[in-house]
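Results of the structural survey
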Amino acid sequence: MKIVLATSNAGKIKEFSALLSDLTLQIIPQSEFNIEDAEETGQTFIENAIIKARHASEKTGLAALADDSGLVVDALGGKPGIFSARFAGQNASAEKNIKKLLDDMQNIQAPNRSARFVCVLVLFRYPNDPYPFVCQANWEGEILFAPKGRGGFGYDPIFWVPTHRCAAAELSEDIKNQISHRAKAFQCLHRDLL
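Below or above, wherever it landed, is the structure these notes cover. (Residues numbered from 1 in each chain as written. Predicted model: local features only at pLDDT ≥ 70, side-chain atom pairs only at ≥ 80, totals over all residues. Heavy atoms only, no water.)

Looking at the overall build of the protein
Quick reminder of the rule: Numbering goes from the N terminus for both helices and strands, where a helix is a DSSP run of H or I of at least four residues and a strand is a run of E of at least two. As defined in this context, the radius of gyration uses C-alpha atoms, and a globule is described by 2.2 Å times the residue total to the power 0.38. Exposure categories follow from relative accessible area, calculated using a 1.4 Å probe and restricted to protein chains: below 20% of the type maximum is buried, above 50% is exposed, and the middle band is partly exposed.
Of regular secondary structure, the protein possesses five helices and seven strands. Counting helices and strands in the order they occur from the N terminus, the protein gives β-α-β-α-β-α-β-β-β-β-α-α. In terms of overall size, the protein behaves like a compact globule, its C-alpha atoms giving a radius of gyration of 16 Å where 194 residues would be expected to give roughly 16 Å. A principal-axis box enclosing the C-alpha atoms of the protein has dimensions of 50 × 30 × 25 Å. With 194 residues in all, the protein has 49% of them scored as buried.

Dropping the structure here:
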């Protein structure tokens, strides 16, 4: 089965490839079809994942897998949420998004820094699939006061993982691919596909 990955995010492509490596699927990034990213006009992670998967499936005629994921911070009323990748503005770097988040939280002390990464995966088996696979999961943690570690991507340097007593950016790739929000959502997808 060929599946188009409906993303151009290099970090996500790397994680998707590792998480899907044990399935007998041919994974093709949408960039190989010169497909632009779909405009994320939804108000929720689920809506945006559906938009992206449908877009890639319609453009290629193939099955398409999309995720919409982000960081939800309780003290900020759920922000950055669906705007995680562009929290500091359109095409903002991870460093700028992290700086904005830390600036917005400068007066928020522990234990009020709870947060979670959220991942929603949607798999369209064909264009206009009326019953796509939908899997969602989260990863509980806290926001640090300063970045730590060099691994991962996005907000990983400021996301404290209580179970491992370190930032997500300090985890090995293997460990992260077992415990993260995306890993948990892929475990759900594996169950549905197998």
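Brief notes about the pattern of salt bridges
Definition in use: Put simply, a salt bridge is a Lys or Arg side-chain nitrogen that is within 4 Å of an Asp or Glu carboxyl oxygen.
Tallied over the entire structure, the rule returns ten salt bridges. A salt bridge links Asp 67 to Arg 182; the nearest nitrogen and oxygen atoms lie 3.0 Å apart. Highlighted residues: Asp 67 in strand 3 (residues 63–73) and Arg 182 in helix 5 (residues 181–193), separated in sequence by 115 residues. Side by side, Asp 67 and Arg 182 carry an identical accessibility label, which is buried. Here Arg 116 ties to Asp 74 by a salt bridge, and the two come within 2.9 Å at their closest N and O atoms.

Overview of the layout of surface pockets
Picture a little ball the size of a water molecule; that probe, rolled over the atoms, points out where space is still empty. Where we set the bar: In this analysis, the protein atoms alone were mapped onto a 1 Å grid. Cavities are point sets where a 1.4 Å probe fits without being able to get out; pockets are open sets with protein on both sides within 12 Å along at least five of seven lines; lining residues have an atom within 4 Å of a point. Grid points are joined across faces, edges and corners, and a volume is the space filled by probe spheres set on the points. Under the scheme applied, nonpolar residues are Ala, Val, Leu, Ile, Met, Phe, Trp, Tyr, Cys and Pro; charged residues are Asp, Glu, Lys and Arg; polar residues are all the others, including Gly.
Empty space within the largest pocket amounts to approximately 860 Å³. If you go around the largest pocket, you meet 35 residues; those closest to its centre are Asn 9, Lys 12, Glu 40, Ala 85 and Arg 86. Ranked by residues supplied to the lining of the largest pocket, first place goes to strand 3 with five residues. Tallied by class, residues from the lining of the largest pocket come to ten nonpolar, 14 polar and eleven charged. In this model, the second largest pocket occupies a volume close to 150 Å³. Taken together, Gly 11, Lys 14, Glu 15, Gly 151, Gly 152, Phe 153, Ala 168, Leu 171, Ser 172, Glu 173 and Lys 176 form the lining of the second largest pocket. Those elements that place two or more of their residues in the lining of the second largest pocket are helix 1 (10–19) and helix 4 (173–179). Broken down by element, the lining of the second largest pocket gets its largest block of residues, three residues, from helix 1.

What to know about the environment of Glu 32
Structurally, Glu 32 is set in the loop between strand 2 (26–29) and helix 2 (45–60). Note: C-alpha distance between Glu 32 and Ser 8 (24 residues apart in sequence) is 9.9 Å.

Focus on the sheet that holds strand 7 (residues 166–167)
In plain terms, the rule: When DSSP finds two or more bridges between two strands, those strands count as paired. Contacts between residues were defined by any pair of non-hydrogen atoms, one from each residue, lying within 4.5 Å. A fitted line through C-alpha atoms serves as each axis, taken over the contacting stretch for helices, and the angle formed by two N-to-C directions is quoted from 0 to 180°.
One open sheet holds the seven strands; their spatial order is 2-1-3-4-5-6-7, and the pairing between them is mixed. Only two strands of the sheet have a single partner each, and these edge strands are strand 2 and strand 7. Alignment of strand 1 (residues 2–5) against strand 3, held across three bridges, turns out to be parallel. Paired with Ile 3 across the bridge in strand 3 is Ala 63. Against the sheet, helix 1 makes contact with strand 1, strand 2, strand 3 and strand 4 (114–124), and its axis sits at roughly 115° relative to strand 3, the strand it touches most.

Overview of the state of the cysteines
Formally: The definition used for a disulfide is geometric: two cysteine sulfur atoms within 2.5 Å.
Taken as a whole and assessed by the stated rule, the structure comprises zero disulfides. In this model Cys 166 remains outside any disulfide bridge; the closest cysteine sulfur is found in Cys 119, 20 Å from its own. Cys 166 sits in the buried class, given a relative accessible area of 12%.

Geometry only, nothing functional implied.
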